[in-house]
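Residues per chain are reported as follows:
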Amino acid sequence: MSGERLDRLRALLTAHGVDALVLRPSSNLRYLAGATLHGFLVVTPDGPPVHVADAFGEAVSRIPAGARVAVDPQMPAHELLALQEALGPETPIASAAPLLAPLRMRKSAAEIELMERAAIAADRALVAARDLTWSGSTEREMARRLRILLLESGHEETMSVAVAAGENSADPHHRPSDRVINPGDAVRVNLSGRYGGHCSDTTRMFVVAEPPEDFEAMYSVVLAAQTAACEAVRPGVTAAEIDAIARAVIADSGYGAFILHRTGHGVGLDEYEPPYLTPEDGTVLDAGMTMSIGPGVYLPELYGARIEDVVVCTDIGARRLNQTPRLLSVVDL
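Residues numbered from 1 in each chain as written. Predicted model: local features only at pLDDT ≥ 70, side-chain atom pairs only at ≥ 80, totals over all residues. Heavy atoms only, no water.

1. Here we look at the overall build of the protein
Then step 1. What the protein contains, in helices and strands, is nine helices and 17 strands.
Then step 2. Relative to its length of 333 residues, the protein is compact, with a C-alpha radius of gyration of 22 Å against a globular reference of 20 Å.
Then step 3. Dimensions along the principal axes, computed over C-alpha positions, put the protein at roughly 70 × 40 × 35 Å.
Then step 4. For the protein, the proportion of its 333 residues judged to be buried stands at 52%.
Then step 5. Accessible area of the protein: about 14,000 Å², with a carbon and sulfur share of 54%. (Helix = DSSP H or I, 4+ residues; strand = E, 2+ residues; numbered from the N terminus. Rg over C-alpha atoms; globule rule 2.2 N^0.38 Å. Buried < 20%, exposed > 50% of the residue type's maximum accessible area, 1.4 Å probe, protein only. Areas by Shrake-Rupley, 256 points an atom, 1.4 Å probe, with all protein chains shown as cover.)

In structure tokens form, the structure reads like this:
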């Protein structure tokens, strides 16, 4: 268990007036322990952490009477209700998210190295995808092949593999279907998986044989927005400001009404974690924070486009962990 992380956590427990933190099997427990553990972990401001393997009742017994308790934000409702019942209704229980998020947002050099390996592995899968036969295949078939490529690249598991062709690419949440991919289609490909316990997340656009009418002009706007957002990443800038920069580029080009999601989100042990690049997130960026930056434009019933990379905030700006070209990829028939 990382002594440095434990010391920082204990300082936060004291600062927030928390007497006991209860973690369950989750990315939060993995973060603190440095490995996958089963069972529960009880941490107090002093004394050694207590790991109780698969024994909820024993974990409860380790919580001091009258304690103010924070729980893993990934704790399911049935465990939370059981904990409250065991401790009694007078015991205050709150989410530990405000304690854990500041710890996990700033990645160590070792974490960033693992995330870079994850990004490079995802890039290898994308490069290999260009040689697949896209025309005449269905979205579902291509998604299955891409999952295999992710695993062959070194990922231990795949998480989200999206293939959206033609009019389906205008839906940012489209799931692969039996829609056949045809010449002239724009195809949005999103790959994410877990490598060394850390997540990759990248999106690129392919076109089959040739781009549809006016697609390249829209794509250039998305590329400009993603470039501007990445270049704006540096310590002291807020997550909301990065989101606003991407939105402004798109809006100034006349596509503002076709922005359907946030500019990006934090990435680490989880595919989605703070900070969130939204208008509401005032998180101040700092060196070591890693996030996906992926603005998009979606024209109903025509096509959509998104470009997404994982970047790390450094003392002098953003460093891209994904290195595949962001120019439009044309795949042969």
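2. Notes on the side chain of R194
Then step 1. Structurally, the position occupied by R194 is in strand β7 (residues 186–195).
Then step 2. Classification of R194 as buried rests on a relative accessible area of 17%.
Then step 3. A distance of 2.8 Å separates the side chain of R194 from the side chain of E157, its partner in a polar contact.
Then step 4. At 2.8 Å, the side chain of R194 and the backbone oxygen of L269 are in polar contact.
Then step 5. Beyond its immediate stretch of four places on either side in the chain, R194 contacts H155, E156, E157, M159, C199, L269 and D270. (Polar contact = N/O pair within 3.5 Å; in protein donor to acceptor, adjacent residues only side chain to side chain. Contact = heavy atoms within 4.5 Å.)

3. Remarks on the packing of helix α1 (residues 3–15) against helix α5 (residues 97–105)
Then step 1. The geometry of α1 relative to α5 is characterised by a closest axis approach of 10 Å and an angle of 145 degrees between their N-to-C directions. Between α1 and α5 lies a crossing of right-handed hand. Along the contact surface, α1 presents R8, L9, L12 and L13, while α5 presents L99, L100, P102 and L103.
Then step 2. Of the residues belonging to the contact of α1 with α5, the class tally is seven nonpolar, no polar and one charged. (Axes fitted to C-alpha atoms, helices over the stretch in contact; angles between N-to-C directions. Left-handed = near helix turned anticlockwise from the far one by under 90°. Nonpolar A, V, L, I, M, F, W, Y, C, P; charged D, E, K, R; others polar.)

4. Here we look at the layout of surface pockets
Empty pockets left among the atoms are what a rolling probe the size of a water molecule brings to light.
Then step 1. Taken as a whole, the largest pocket spans an internal volume of roughly 510 Å³.
Then step 2. Lining the largest pocket are 22 residues, with S160, P172, H173, N190 and Y272 sitting closest to its centre.
Then step 3. Looking at the lining of the largest pocket, the elements that each hand over two or more residues are β6 (157–165) and β7.
Then step 4. Considering each element in turn, the lining of the largest pocket owes the most residues, four residues, to β6.
Then step 5. Looking at the lining of the largest pocket residue by residue, the class counts come to seven nonpolar, seven polar and eight charged. (1 Å grid on protein atoms, 1.4 Å probe; cavity = no way out; pocket = protein on both sides within 12 Å on 5 of 7 lines; lining within 4 Å. Points joined across faces, edges and corners; volume = space filled by probe spheres on them.)

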